[in-house]
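Summary of the model geometry
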Amino acid sequence: MRIDRTSKRGHQHASPVRVIRRPRSAFAAVAGLLVIGVGVAGLYSAGNTGRPATPLGRAPLAASPRGHWAVAPQATARVVPRPIGLVIPAIGVRTKLIRLGRTASGSLQVPANVAVAGWYIGSPRPGGTGSAVIAGHIDSVSGPGVFFRLRELRPGDLVYVERSHGPLAVFRVTAVHTFRKSKFPTAAVYGPVPSAQLRLITCGGTFDPATGHYLSNVVVFAVLQ
Amino acid sequence: MKPASWAVRVVTSVALATLAAFGLTAAQVAVEAPVALASNPVGYIRLAHFSPNTPAVDVYLYSFGNPSAQLVLHHVSYGTVSPFEPVSAGEYTVAMRDAGAAPGSKPVLSTAVSIAAGHAYTVAGVGPAAGIRLEVISDELTTPPGKALVRIIQASMQQDVVTVTVGGHELVTNLKFANATPFIAVAPGTWSVKATGSTESVTATIALAAGTIHTIVVLDEPGKLALDNLLDAAGSNVAPAGGPQAGFGGTAPRPGATLVPWAAATIAGLAISVSGTVMLMRRRRPALHAHRPH
């Protein structure tokens, strides 16, 4: 046994000498690893979205607003209060709501400030019968916008709309979808519905630097809780 | 054999790292793939009492074949309309009992209703108490672009025939008690809606926005007529064109083309490293044998 150990030790002492004897192969092996390292680092940084690779956890990131919750609207038509604020605890959204119309080309206007969301004045008011529409930016030219994390919402998450008066309109997320802009589901987003519902819209998918626009929209569907 | 297994491990881990790098990119591309809007298996039903001389009732909704009620509305009196209730598409039974009657008692009336996904239905008790029936009325959930839809339900027994005008234009002439018109497309606006019977009339100012659907019910009130403006469904008055441009790309990945040189570098590095390692292993073997005799 002792003899074996001695021989092994001798073997270990000898190995560095052999490596030096074949410097080109060793250099290739090490240099190749370095090139791989550079390549993988490049792939990672070029492929890096700047968005969290995994959801940042499901703990509430904004406190839920306090107050009474609105009940389902009566069958008889009546005036619904104006929406003034939006809180989505699951993704840390807390913003005032501005009023949005349409652009000259007929598309939905978006807020000039990427940090606030807006309610489309052509849609029903949140909490009344119908599909209310709220839009916000995913990002600016340099960083996240108010709806940066909209796509992380999951069915069951709550969305609170604060109104000029009266109780909070509280919605429960039922679905989150990404649609190519060429296949935007206009009827499902803007069409009539017989109950109080909400649509939250932002951009998503691939960004096209040639046009300066994203190729898809993220749409969250929610119903009055 | 040790150097060989070491080399295998290095090559394997480098290959995995490369695959992971590509996988990351592939996952980001996948985000863009179009997602079909899952067909919504939900339909809507609401319950109404339009029989003027029938006392309040309890209305039960059963999923077909299930003896326990899915929804019970207590003490529904004449003129009451419930909000729409979302339910799974399928077969249902609506039963009407006298207010306060035992849930297991024989219903005064019942009817079957088939609910299709994406459609809405009103189940109403109509007619005089002596001949009350449960009617299934189909509702509408789309409007022509830029229009409102309006329908009249005639639930007045005192004025058993009425004519209804919207903004001075006749919507329906001589509509009989316990009948309804189909939906009629109307230009949006705030209109004076007038129902005229043989001895009574009633006028209401009603806002009809584009993209909204209304049912106007003509009702008896003691000694006079009344109008109830139901908002059946509402959408945007104008649907904006396409999806909004709600991003400037500050958090977007850089263009896919820049990935190519990095991928090439990774593959080249893999090739150099593997060939170097293989050559090293080849030259080590004789040296190992040389030590064996010791």
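Residues numbered from 1 in each chain as written. Chains lettered and ligands numbered in written order. Predicted model: local features only at pLDDT ≥ 70, side-chain atom pairs only at ≥ 80, totals over all residues. Heavy atoms only, no water.

1. Observations concerning the overall build of chain A
Secondary structure assignment for chain A yields three helices and eight strands. Its helices and strands taken in sequence order, chain A reads α-α-β-β-β-β-β-β-α-β-β from the N to the C terminus. Per-residue burial over chain A gives 52% buried out of 225 residues. Taken as a whole, chain A presents about 10700 Å² of accessible surface, with 59% of it coming from carbon and sulfur. (Helix = DSSP H or I, 4+ residues; strand = E, 2+ residues; numbered from the N terminus. Buried < 20%, exposed > 50% of the residue type's maximum accessible area, 1.4 Å probe, protein only. Areas by Shrake-Rupley, 256 points an atom, 1.4 Å probe, with all protein chains shown as cover.)

2. Things to note about the packing of aromatic side chains
Residues and elements named next belong to chain A. The full count for this structure, using the stated rule, is five aromatic pairs over all chains. Centre to centre, the rings of Trp69 and Tyr160 are 6.0 Å apart; their planes meet at 80 degrees, and the pair counts as edge-to-face. Residue Trp69 is located in the loop between helix H2 (23–47) and strand S1 (83–88), and its partner Tyr160 is located in strand S5 (residues 158–163); the two are separated by 91 residues in the primary sequence. Judged by its relative accessible area of 39%, Trp69 falls in the partly exposed class. On the accessibility criterion, Tyr160 (5% relative accessible area) is buried. (Phe/Tyr/Trp six-rings, centres within 6.5 Å; stacked < 30°, edge-to-face > 60°.)

3. Things to note about the layout of surface pockets
Once rolled over the atoms, a probe with the size of a water molecule shows which space is left empty. Empty space within the second largest pocket amounts to approximately 920 Å³. Around the second largest pocket, the lining comprises 37 residues; the ones closest to its centre are Arg78, Val79, Val80 and Arg125 of chain A together with Leu231 of chain B. Every element with two or more residues in the lining of the second largest pocket is listed here: strand S15 (201–208), strand S16 (212–221) and strand S17 (224–234) of chain B. (1 Å grid on protein atoms, 1.4 Å probe; cavity = no way out; pocket = protein on both sides within 12 Å on 5 of 7 lines; lining within 4 Å. Points joined across faces, edges and corners; volume = space filled by probe spheres on them.)

4. A short note on the sheet that holds strand S14 (residues 189–196) of chain B
Residue and element names in this part refer to chain B. Strands sit in the order S11-S10-S14-S15 across an open sheet of four strands; the sheet is antiparallel. In the strand order of this sheet, the two ends are held by strand S11 (169–176) and S15, each with one partner. The sheet shows a mean angle of 20 degrees between the axes of neighbouring strands, taken without regard to direction. Sheet topology places strand S10 (residues 161–166) next to S14; four bridges connect them, and they run antiparallel. In the strand pairing of S14, Val164 is matched with Ala195. (Pairing = 2+ DSSP bridges. Axes fitted to C-alpha atoms, helices over the stretch in contact; angles between N-to-C directions.)

5. What about the nonpolar core?
Residues and elements named next belong to chain A. Judged by nonpolar contacts, the single largest core of 25 residues is most densely connected at Leu86, Ile88, Ile134, Phe147, Leu153, Leu198 and Leu200. For this core, the elements supplying multiple residues, two or more each, are S1, strand S2 (93–100), strand S3 (117–120), strand S4 (130–135), S5, strand S6 (169–180), strand S7 (196–208) and strand S8 (213–224). Apart from residues no more than four positions distant in its own chain, Phe147 is found in contact with Leu86, Ile88, Val93, Ala117, Ile134, Ala135, Gly136, His137, Ile138, Leu200, Ile201 and Thr202. (Core = buried A, V, L, I, M, F, W, Y, C linked by side-chain atoms within 4.5 Å. Contact = heavy atoms within 4.5 Å.)

6. What about the confidence of the model for chain A?
Averaged over chain A, the pLDDT score is 86; the fraction of residues at 70 or greater is 81%. Note that residues 1–14 of chain A has pLDDT below 50 and, in this model, three contacts with residues that lie over four places away or in other chains. (pLDDT = per-residue confidence, 0-100.)

7. Looking at the side chain of Asp58 of chain B
Residues and elements named next belong to chain B. Along the chain, Asp58 falls in strand S2 (residues 57–63). A distance of 2.8 Å separates a polar side-chain atom of Asp58 from the backbone nitrogen of Gly100. Apart from the residues within four sequence positions on either side, Asp58 is in contact with Leu73, His74, His75, Ala95, Met96, Arg97, Asp98, Ala99, Gly100 and Ala101. (Polar contact = N/O pair within 3.5 Å; in protein donor to acceptor, adjacent residues only side chain to side chain.)

8. A short note on the environment of Lys181 of chain A
Looking at where Lys181 of chain A falls in the secondary structure, it is placed in the loop between S6 and helix H3 (186–190). In terms of polar contacts, Lys181 of chain A uses its side chain to reach the backbone carbonyl oxygen of Pro244 of chain B, at 3.3 Å.

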